[in-house]
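Listed below, chain by chain, are the residues.
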Amino acid sequence: MDINTLRGIATIFVLLAFVGVVLWAYSSYKKKDFDEASQLPFADETESERKAREQKEEDARSKRK
């Protein structure tokens, strides 16, 4: 096995990986996740702020009981 055979195998591997990434990115299975991620720049609060707010609301509910 010479260097050109290894280069050919590497080229085929990279091509298959590229096709796999393209199929993954354009699959309808991931559409919901990508649509959600595309709206992140427009979100009013970060995930940590949302969790902190929910925790405060939960604490307030538990104190009322």
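Thresholds, definitions, all that
- Residues numbered from 1 in each chain as written.
- Predicted model: local features only at pLDDT ≥ 70, side-chain atom pairs only at ≥ 80, totals over all residues.
- Heavy atoms only, no water.
- Helix = DSSP H or I, 4+ residues; strand = E, 2+ residues; numbered from the N terminus.
- Rg over C-alpha atoms; globule rule 2.2 N^0.38 Å.
- Areas by Shrake-Rupley, 256 points an atom, 1.4 Å probe, with all protein chains shown as cover.
- Lys, Arg positive; Asp, Glu negative; His and termini not counted.
- Charge placed at Lys NZ, Arg CZ, Asp CG, Glu CD.
- Phe/Tyr/Trp six-rings, centres within 6.5 Å; stacked < 30°, edge-to-face > 60°.
- Buried < 20%, exposed > 50% of the residue type's maximum accessible area, 1.4 Å probe, protein only.
- Salt bridge = Lys/Arg side-chain N within 4 Å of Asp/Glu carboxyl O.

J.: What am I meant to see in the overall build of the chain here?
T.: The helix and strand inventory of the chain stands at three helices and zero strands. When the helices and strands of the chain are listed from N to C terminus, the series reads α-α-α. Taking 65 residues into account, the globule formula puts the C-alpha radius of gyration at 11 Å, and the chain, at 23 Å, lies well above it. Seen along its three principal axes, the alpha-carbon backbone of the chain occupies a region of about 75 × 25 × 20 Å. Carbon and sulfur atoms make up 62% of the accessible area of the chain, which totals about 6300 Å². The averaged location of the 12 negative side-chain charges in the chain is 4 Å from the averaged location of its 12 positive side-chain charges.

J.: What exactly am I supposed to notice about the packing of aromatic side chains here?
T.: Using the criterion set out here, one finds one aromatic pair in the structure. Look at Trp24 and Phe34: their rings are 5.4 Å apart centre to centre, the planes differ by 85°, and that puts the pair in the edge-to-face class. With a gap of ten residues between them, Trp24 in helix α1 (residues 3-25) and Phe34 in helix α2 (residues 31-38) connect regions that are remote in the sequence. Looking at Trp24, the relative accessible area reads 47%, which means it is partly exposed.

J.: What is the right way to look at the pattern of salt bridges in this model?
T.: In a structure, side chains of opposite charge can pair up when their charged atoms sit close to one another. Applying the stated criterion across every chain, the model contains two salt bridges. For Asp33, the salt bridge goes to Lys30, with nearest N and O atoms at 3.2 Å. By relative accessible area, Asp33 is classed as partly exposed at 39%. In this structure Lys30 comes out as buried when scored by relative accessible area, which is 18%. A salt bridge links Lys31 to Asp35, with the nearest nitrogen and oxygen atoms 3.1 Å apart. Taken together, the residues span about one helical turn, with Lys31 and Asp35 both in helix α2 at a distance of four residues. Take Asp35: its relative accessible area is 38%, and that puts it in the partly exposed class.

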